[in-house]
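Examining the three-dimensional arrangement
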Amino acid sequence: MIIHTMNQKIHANSKAMSMWLERMVKSLGNHSDRLNAINIFPVADGDTGSNLYLTARSAHDAISKLETENIGELLTMASRAAMESARGNSGTLLAVFMAGLAEPLCGVERMTAPILATALERGKVRAWSALSDPVSGTMLSVMQVVADTARATHRASEFEPESKAALVEMLGTLCIAAKAAVVATENELGELHKAQIVDAGAVGMLIILDELRGVLLGQVIDPDEYSKLHGYDIQDPHIHQNVSADTGVEVMCTISLDALGAATLRGQLDTIGDSVIMSPVNATEDGYRWRVHVHVPEAESALNVIRGIGSPVNVSVTDLCTHDG
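The present account deals with the structure reproduced in this document. Remember, it's a predicted structure, so these values are computed and weren't measured experimentally.

A word on the nonpolar core. Across soluble globular proteins, nonpolar side chains show a tendency to be buried alongside one another. Counting residues in hydrophobic clusters, the biggest one holds 78 residues, and the most contacted among them are Trp-20, Leu-116, Leu-120, Val-142, Val-203 and Leu-216. Here the element with the most residues in this core is helix H9 (residues 200–217); it accounts for 12 residues. Core analysis: the next-biggest nonpolar cluster, separate from the first, contains 19 residues, Val-249, Ala-262, Leu-269 and Val-296 among them.

Structural data, given as structure tokens:
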């Protein structure tokens, strides 16, 4: 990925993380149309780019006026806002990934290579664990690859672990590995291979990671490089318009449950729907507030199950056959 250097020097602190969220929003907004154009999995509804952008914007808005030197505090607040306002599978997984990133960063004021490796591993674990039926060839694959690459780079590096050189090295290898993971998605999922495109969510994760590298190293990403990905050139058609979208609805809500209640709800949703994602937002006296996402033929089937276990709030129901791209 070609990257041009900016004149401004940016340090790996909370201010840089705030700027990362700002740049993430801008870049996802600029790329949303092309991400929508290649969105055919898990549902060909052409809204992955819009969902990632809107979710990232909620995260940035939540911390835009926050003054803190604690990177973990900043990302925790951002991820909770993202979780509560998450859109679709991709937005929900981005919010969950950010929540995982934040956990090892509590109390941390400067990003280093070993801390970044730990944070990426935690983000990966949270995202893969949130899905009842995780699928390779998606943004999950990019999370897996970058976490593994970060760990391997940290172990093999000849630089002082806490040094800027080690961080520069790790960020470079991460983005190269992320791009390779995106390219590989075309052959990991049958739907993508048939359409000869890469996964939209995976490209979104690459953009997000490129912006992290850019902000920490004081560089700006060249957006033209993404046009080399299959199906991503501005001249390429909107693939999802030629694919029959699933009928049904996407139901999302927030609900407070203990561990048993959460496991019970996940099991019941798995029997009536798919694309089930459940992830804790924050702890409560009796358990956690959970963000819930599921695709079902009819909304009431899911809402009846959810209401039978707890009291959902922030409920949204979206037609899967609606094309937002």
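This part covers the packing of aromatic side chains. Per the counting criterion, the structure on display carries 2 aromatic pairs. Where Tyr-226 meets Tyr-232, the ring centres are 6.5 Å apart and the plane angle is 65°; that geometry is what we call edge-to-face. Judged by its relative accessible area of 4%, Tyr-232 is buried. A ring pair is formed by Tyr-288 and Trp-290, whose centres lie 6.2 Å apart and whose planes are at 70°; its orientation type is edge-to-face. Overall, the relative accessible area of 39% leaves Tyr-288 in the partly exposed class. Looking at Trp-290, the relative accessible area reads 14%, which means it is buried.

Turning our attention to the layout of surface pockets. Put simply, the largest pocket is a space of about 510 Å³. Taken together, 30 residues line the largest pocket, and the ones lying closest to its centre are Phe-41, Pro-42, Asn-89, Leu-131 and Ser-275. Of all the secondary structure elements, the ones that give two or more residues to the lining of the largest pocket are helix H2 (48–63), helix H4 (88–102), helix H6 (139–156) and strand S4 (274–283).

Scanning all chains against the criterion turns up 3 cavities of 30 Å³ or more. Here the largest cavity defines a volume of roughly 40 Å³. Listed by contribution, the elements that provide at least two residues to the lining of the largest cavity are helix H1 (14–37) and helix H5 (113–130).

This part covers the pairing of S4. Every regular strand shows the same layout, with side chains that alternate between the two sheet faces. Within S4, 7 of the 10 residues are buried, which leaves the element mostly enclosed by the surrounding structure. With 7 bridges connecting them, S4 and strand S5 (residues 288–296) associate as antiparallel partners. Among the inter-strand pairings, Asp-274 is bridged to a residue of S5, identified as His-295.

Moving on, we come to the side chain of Asn-39. You can see Asn-39 is positioned in the loop between H1 and H2. On the basis of relative accessible area, Asn-39 is assigned to the buried category, the value being 2%. A polar contact is formed between the side chain of Asn-39 and the backbone nitrogen of Asp-47, at a distance of 2.9 Å. Within the local environment of Asn-39, its side chain forms a polar contact with the side chain of Thr-48, the two groups lying 3.1 Å apart.

For the pair H4 and H6, interaxial distance at closest approach is 11 Å and the crossing angle is 25°. As summarised for this structure, H4 and H6 are arranged roughly parallel, according to the angle between their axes. Residues Ser-90, Leu-93, Leu-94 and Phe-97 of H4 form the contact with H6, whose participating residues are Met-139, Leu-140 and Met-143. Taken together, the residues that form the contact of H4 with H6 break down as 6 nonpolar, 1 polar and no charged.

A full pass over the atoms with the stated rule returns 9 salt bridges. The closest approach of N and O atoms between Arg-122 and Glu-103, which form a salt bridge, is 2.4 Å. One end of the pair, Arg-122, is in helix H5; the other, Glu-103, is in the loop between H4 and H5, and 19 residues separate them in sequence. You can call Arg-122 partly exposed: its relative accessible area is 32%. Note that Lys-228 and Glu-225 form a salt bridge whose closest N and O atoms lie 3.5 Å from each other. The exposed category is assigned to Lys-228, whose relative accessible area is 58%. Sharing partners across several salt bridges, the network here consists of Glu-121, Lys-124, Asp-148 and Arg-151.

With the exception of glycine, most residues fall at negative phi, and the peptide bonds are largely trans. Despite not being glycine, Gln-196 shows a phi value in the positive range, around 60°. Structurally, the position occupied by Gln-196 is in the loop between helix H8 (190–195) and H9. For Asn-314, which is not a glycine, the phi torsion comes out positive at approximately 50°. Within the secondary structure layout, Asn-314 lies in strand S6 (residues 313–319). A relative accessible area of 40% means that Asn-314 is categorised as partly exposed.

Here is what the cut-offs are and how they apply
- By convention here, each chain's residues receive numbers from 1 onward along its written sequence.
- Side-chain atom pairs in this predicted model are given and counted only at pLDDT of 80 or more, local residue features only at pLDDT of at least 70, and totals for whole chains, interfaces and linings cover all residues.
- Hydrogens and water are ignored here; the side-chain numbers use all heavy atoms of the structure.
- Nonpolar cores were defined as sets of buried Ala, Val, Leu, Ile, Met, Phe, Trp, Tyr and Cys residues, with membership established by side-chain atoms within 4.5 Å.
- The classification of residues rests on relative accessible area computed with a 1.4 Å probe and restricted to protein chains. Under 20% of the type maximum is buried, over 50% is exposed, and intermediate values are partly exposed.
- Runs of E in the DSSP output that reach at least two residues are strands. Runs of H or I that reach at least four are helices, and both are numbered from the N terminus.
- Each Phe, Tyr or Trp ring, with Trp reduced to its six-membered ring, pairs with another whose centre is within 6.5 Å; inter-plane angles below 30 degrees give stacked pairs, above 60 give edge-to-face pairs, and intermediate values give tilted ones.
- Buriedness of a pocket was judged along seven lines, with at least five required to meet protein on both sides within 12 Å; pockets are open sets of points on a 1 Å grid over the protein atoms alone, cavities are sets where a 1.4 Å probe fits but cannot get out, and lining residues have an atom within 4 Å of a point.
- Grid points are joined across faces, edges and corners, and a volume is the space filled by probe spheres set on the points.
- Strands qualify as paired when DSSP identifies two bridges or more between them.
- Think of a polar contact as two N or O atoms within 3.5 Å of one another; within protein, one of them needs to be a possible hydrogen donor and the other a possible acceptor, and neighboring residues in sequence only count if both atoms come from side chains.
- To get an axis, a line is fitted to the C-alpha atoms, and for a helix only the part in contact is used. The angle between two axes follows their N-to-C directions and goes from 0 to 180 degrees.
- In this scheme, roughly parallel covers angles under 35 degrees and roughly antiparallel covers those over 145, while 65 to 115 is roughly perpendicular and the rest are oblique.
- Note on contacts: a residue pair is in contact if any heavy atoms of the two residues lie within 4.5 Å.
- Under the scheme applied here, ten amino acids are nonpolar (Ala, Val, Leu, Ile, Met, Phe, Trp, Tyr, Cys and Pro), four are charged (Asp, Glu, Lys and Arg), and all others, including Gly, are polar.
- A carboxyl oxygen of Asp or Glu within 4 Å of a side-chain nitrogen of Lys or Arg is what we treat as a salt bridge.

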